[in-house]
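Chains, contacts and geometry: an overview
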Amino acid sequence: MQPGYDPNVRHDFNYWTIDKLVKWNSCDLLELFHTLDAPDPEEMNGEFLVRYPLYREEEVQTFYSDPNGNGRGSHHLGKALNPNLPHKDCNGEGYNWWLRGGKVERFSRFAWKIGPSTLDGRPALLADYCYFDNLSKNGQMGQHDEMRRVKPNLYLCIAYDRVWPRPPFKFGWNFEENRSKETVFFLHGPVFPWQGVDDPEKEPEMP
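Below: a short report on this structure. What you see is a predicted model; the values in this text were computed from it and never measured.

Structural notes on the nonpolar core
Counting 20 residues, the largest nonpolar core has Met44, Leu81, Trp112, Leu125, Met147, Phe185 and Leu187 as the members making the most contacts within it. Mapped by element, the contributors of at least two residues to this core are strand S1 (46-51), helix H3 (54-64), strand S4 (103-116), strand S5 (123-128), strand S7 (154-160) and strand S10 (183-192). Look past the residues within four positions of Met147 in its chain and what remains in contact with it is Phe33, Pro39, Met44, Lys79, Leu81, Ala124, Leu125, Ala127, Leu156, Cys157 and Leu187.

Put into structure tokens, the structure is as follows:
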């Protein structure tokens, strides 16, 4: 764990800040993830800002700025979640929001639920893109996110997919699970109300 970390500060909300955590490395953040609890579904309602660890934030946003990439030439602003839109076996729906050409755009839908983490079996918010027809769905990327609460309005998240190689999101391959190793990011908010994707017909529900 990070030098100077004291497990007794876990519930000291003044200790946990986004500016502190983005300086941690991936291994320490994954270790911290195992100590956290799942959020209440009702608190995950609105648009959340994303942050990446400082050692990889520039590389990730540069990847998204590629017009041929998953971000369609955009800057990734964050993710949105809504607990009042149950979908199949999930608690709610979500999407990503982006900045492109000075305009905010909303696309890349997913569905989410509270369930056992694929890392340790304890509850986490699980987000999967296979429920909608987009670049991140299973068969193309198979992207999977998990989220746990650090403190109110701050969440530590992990992500992996089944595309290899795909820098800057790869720190190795989990051959046993046939997927990438986990990377980490943060969400904080909500900062704005839920808006919905710009064009649901471009990302219809999968059968």
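Let's talk about the pattern of salt bridges
Tallying each qualifying case throughout the model produces eleven salt bridges. In this structure, Lys79 and Asp145 form a salt bridge, with 3.2 Å as the shortest nitrogen-oxygen distance. Note that Lys79 is positioned in strand S2 (residues 75-82) and Asp145 in strand S6 (residues 144-151), a separation of 66 residues in sequence. By relative accessible area, Lys79 is classed as buried at 3%. On the basis of relative accessible area, Asp145 is assigned to the buried category, the value being 0%. Here Arg122 ties to Asp120 by a salt bridge, and the two come within 4.0 Å at their closest N and O atoms. Taken together, the shared-partner salt bridges in this structure form one network comprising Asp37, Asp120, Arg122 and Arg148.

A few points about the packing of aromatic side chains
On inspection of all chains with the given rule, the structure shows nine aromatic pairs. Relative to Phe185, the ring of Tyr52 lies with its centre 6.3 Å away and its plane at 45°, an arrangement referred to as tilted. Placement of Tyr52 in the loop between S1 and H3 and of Phe185 in strand S10 is noted, with a sequence separation of 133 residues between them. Judged by relative accessible area, which is 5%, Phe185 ranks as buried. Grouped by ring-pair contacts, the aromatic residues Phe63, Tyr64, Trp98 and Phe107 constitute a single cluster.

Cut-off values and rules
Residues numbered from 1 in each chain as written. Predicted model: local features only at pLDDT ≥ 70, side-chain atom pairs only at ≥ 80, totals over all residues. Heavy atoms only, no water. Core = buried A, V, L, I, M, F, W, Y, C linked by side-chain atoms within 4.5 Å. Buried < 20%, exposed > 50% of the residue type's maximum accessible area, 1.4 Å probe, protein only. Helix = DSSP H or I, 4+ residues; strand = E, 2+ residues; numbered from the N terminus. Contact = heavy atoms within 4.5 Å. Salt bridge = Lys/Arg side-chain N within 4 Å of Asp/Glu carboxyl O. Phe/Tyr/Trp six-rings, centres within 6.5 Å; stacked < 30°, edge-to-face > 60°.

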